[in-house]
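Structure at a glance
Listed below are the residues making up each chain.
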Amino acid sequence: MNYPDEITYGNKADIISTVEFNHTGELLATGDKGGRVVIFQREQESKNQVHRRGEYNVYSTFQSHEPEFDYLKSLEIEEKINKIRWLPQQNAAYFLLSTNDKTVKLWKVSERDKRPEGYNLKDEEGRLRDPATITTLRVPVLRPMDLMVEATPRRVFANAHTYHINSISVNSDYETYMSADDLRINLWNFEITNQSFNIVDIKPANMEELTEVITAAEFHPHHCNTFVYSSSKGTIRLCDMRAPALCDRHTKFFEEPEDPSNRSFFSEIISSISDVKFSHSGRYIMTRDYLTVKVWDLNMENRPIETYQVHDYLRSKLCSLYENDCIFDKFECVWNGSDSVIMTGSYNNFFRMFDRNTKRDVTLEASRENSKPRAILKPRKVCVGGKRRKDEISVDSLDFSKKILHTAWHPSENIIAVAATNNLYIFQDKVN
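In what follows, the accompanying structure is described. (Residues numbered from 1 in each chain as written. Predicted model: local features only at pLDDT ≥ 70, side-chain atom pairs only at ≥ 80, totals over all residues. Heavy atoms only, no water.)

Let's shift gears to the overall build of the chain. Check the secondary structure of the chain and you find two helices and 31 strands. Its C-alpha atoms give the chain principal-axis dimensions of about 90 × 60 × 40 Å. The 432 residues of the chain split such that 48% are buried. Within the chain, the 63 negative side-chain charges are centred at a point lying 4 Å from the centre of the 57 positive side-chain charges. (Helix = DSSP H or I, 4+ residues; strand = E, 2+ residues; numbered from the N terminus. Buried < 20%, exposed > 50% of the residue type's maximum accessible area, 1.4 Å probe, protein only. Lys, Arg positive; Asp, Glu negative; His and termini not counted. Charge placed at Lys NZ, Arg CZ, Asp CG, Glu CD.)

See the structure below:
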């Protein structure tokens with residue numbers, strides 16, 4: 001399934017920058033470089049169209065952020081949506097957090113299919129009437145109207161980050177959330193917009209002594225006092241807010257010793273962690289660096305329990321990837337609903353899946369040729385050298401401008417959303 005028809009291919013503002021299912025999987029939100037949020041809703045199954053249940057159609061589109069200018073620093077603040085996080089549904093309305101580089105917003109998305117009529121103090125056009133002309137009292141009534149989906153900003157959390165926000169994460173208490181930038185992590189209450197509490201600050205007194213930055217952060221799915229954050233040095237810190245209020249000192253420190261035989265000029269760059277995700281069970285942490293996905297057990301800090309090679313065939317291409325800046329791409333990773341399979345993106349519109357139980361892995365491609373309804377995805381293979389088979393693709397012919405950075409997995413079913421530049425593909429298990 002492609003991105004909405006009205007969005008044309010090739011416009012930079014349409015490049016998808018985040019993808020996120022809500023807690024039931026009925027809604028899927030995407031954010032783009034133009035500051036827009038597009039929400040897709042899953043079609044309800046009908047008796048005569050049993051197989052159409054998996055289809056997602058546009059539910060609501062709204063402008064979340066606008067470009068701004070910081071006059072004090074003479075800096076443009078772009079409107080690009082960095083992250084979207086859903087809140088669990090409490091009533092008929094939906095709530096989500098969206099953020100650009102500086103400002104987090106809480107949006108309410110609600111439906112309206114009735115409108116009030118028969119006001120006493122207003123006429124039908126909404127103009128105020130002269131009270132002296134009112135001789136009888138009417139009881140206003142609700143009349144049916146065409147369904148309208150409205151998105152309204154309920155809270156704006158601004159002016160708390162000096163550096164660019166890279167992560168937001170809703171706490172399991174659903175009263176607080178955190179936002180992380182390169183050097184600081186702030187804790188917010190949903191009801192308070194004018195102040196936040198700084199829980200991590202790694203900014204050195206002298207910026208020349210800066211050796212690492214925060215790259216991602218996430219709350220534990222069940223314990224509201226625990227969170228993790230990753231760094232550009234390839235380390236993960238687990239913090240407990242019950243110990244000190246300021247979590248500069250971590251509770252656990254996860255780091256894999258470097259293999260001296262693999263040491264190169266690019267070692268530090270490719271070891272930088274671009275994403276960190278708790279498993280749904282809360283027992284494991286998954287991290288993505290440039291070449292691998294690693295799974296860590298919370299009870300073992302000295303090395304990961306699983307390491308999956310995403311595109312090891314690029315190890316010989318690091319020099320050219322450094323020159324075209326691709327080596328700095330930030331790939332995300334996701335768990336399936338049962339934590340048994342993990343998914344992450346690669347180049348040439350490829351994405352990878354790893355089954356943790358069978359240890360099997362597969363490379364699939366999200367492309368317009370494969371996007372015909374009911375088309376079955378064929379596994380792809382990359383040939384490194386020597387003789388290339390007919391169905392293989394040479395590592396030299398990979399297109400590095402086509403990259404899958406953002407993916408999402410339905411919380412309970414085998415439905416995945418894959419953002420390939422400015423196209424959104426939704427794939428699901430084969431239906432009989």
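Turning our attention to a nonpolar patch on the surface. On the surface, Phe265, Tyr322 and Phe328 cluster together to form a nonpolar patch covering roughly 330 Å² of accessible area. With respect to the element layout, Tyr322 can be found in helix H2 (residues 318-323). (Patch = residues over 30% accessible without salt bridge, like charges linked within 9 Å, V, L, I, M, F, W, Y side chains within 5 Å. Areas by Shrake-Rupley, 256 points an atom, 1.4 Å probe, with all protein chains shown as cover. Salt bridge = Lys/Arg side-chain N within 4 Å of Asp/Glu carboxyl O.)

Before going further, it helps to spend a moment on the nonpolar core. Core analysis: the biggest nonpolar cluster contains 19 residues, and Tyr290, Leu314, Leu321 and Leu398 have the highest contact counts within it. Beyond its immediate stretch of four places on either side in the chain, Leu314 contacts Leu291, Leu321, Tyr347, Val395, Leu398 and Phe400. Val341, Phe351, Met353 and Ile404 belong to the second largest nonpolar core, which has 15 residues in total. (Core = buried A, V, L, I, M, F, W, Y, C linked by side-chain atoms within 4.5 Å. Contact = heavy atoms within 4.5 Å.)

Inspection of the entire model under this criterion finds zero disulfides. Cys319 provides the cysteine sulfur closest to Cys326, a residue in no disulfide bond, and the two sulfurs are 13 Å apart. Judged by relative accessible area, Cys326 falls into the buried class, the value being 6%. No disulfide involves Cys333; its sulfur sits 19 Å from the nearest other cysteine sulfur, which is in Cys239. Under the relative-accessibility criterion, Cys333 is labelled buried at 0%. (Disulfide = S-S within 2.5 Å.)

Turning our attention to the pairing of strand S21 (residues 292-297). The buried count for S21 comes to six of six residues, which makes it a mostly enclosed element. If you look at the hairpin formed by strand S20 (residues 284-288) and S21, you'll find three residues sitting between the two strands. (Pairing = 2+ DSSP bridges.)

Tracing the chain through its elements places His410 in the loop between strand S29 (406-409) and strand S30 (415-420). Residues His410 and Glu26, spaced 384 residues apart in sequence, show a C-alpha to C-alpha distance of 8.7 Å. Only 3.1 Å separates the side chain of His410 from the backbone nitrogen of Ser412, close enough to count as a polar contact. (Polar contact = N/O pair within 3.5 Å; in protein donor to acceptor, adjacent residues only side chain to side chain.)

Bringing unusual backbone geometry into the picture now. Glycine aside, a negative phi is what most residues show, and trans is what most peptide bonds show. The backbone phi angle of Asp325 is positive, close to 70 degrees, even though this residue is not glycine. The topology assignment puts Asp325 in the loop between H2 and strand S23 (333-335). Even without being a glycine, Asn349 presents a positive backbone phi close to 60 degrees. By secondary structure assignment, the location of Asn349 is in the loop between strand S24 (341-345) and strand S25 (350-355).

On to the sheet that holds S24, then. As a general point, the strands of a sheet are linked pairwise by backbone hydrogen bonds and lie either parallel or antiparallel. Pairing in this open sheet of four strands is antiparallel, and the strands run S23-S24-S25-S26 from one edge to the other. The outermost strands of the open sheet, each flanked by one partner alone, are S23 and strand S26 (361-365). Averaged over neighbouring strand pairs, the angle between their axes works out to 20 degrees when direction is ignored. Bridge count between S23 and S24: three bridges; the pairing is antiparallel. Looking at S24, one finds that Val334 is bridged to Met343. (Axes fitted to C-alpha atoms, helices over the stretch in contact; angles between N-to-C directions.)

For Asn166, the location among the structural elements is in the loop between strand S10 (141-157) and strand S11 (167-170). A residue is classified by how much of its surface remains accessible, and Asn166, at 16% relative accessible area, is buried. The residues contacting Asn166, other than those within four sequence positions of it, are Lys83, Ala180, Asp181, Asp182, Ile214, Thr215 and Ala216.

What the four strands build is an open sheet, ordered S1-S2-S3-S4; its pairing is antiparallel. Of all the strands in the sheet, the pair left with one neighbour each is strand S1 (16-21) and strand S4 (56-63). Each strand axis lies, on average, 20 degrees off the axis of its neighbour in the sheet, ignoring direction. Pairing between strand S2 (residues 27-32) and strand S3 (residues 36-42): five bridges, direction antiparallel. Counted as the bridge partner of Leu28 is Phe40 from S3.

All right, on to the pattern of salt bridges then. A full pass over the atoms with the stated rule returns 21 salt bridges. Note that Arg36 is salt-bridged to Asp14, the shortest N-O span being 2.5 Å. Remark: Asp14 occurs in the segment before S1 and Arg36 occurs in strand S3; sequence separation between them is 22 residues. Look at Arg36 and you get partly exposed, because its relative accessible area is 22%.

Mapped onto the elements of the fold, Lys105 is located in strand S9 (residues 104-117). Although Lys105 lies buried, it forms no salt bridge, and the closest oppositely charged side chain, Glu68, sits 6.1 Å away as judged by the N-O distance. At 2.9 Å, the side chain of Lys105 and the backbone oxygen of Ser64 are in polar contact.

Coordinates in, geometry out; function isn't part of it.
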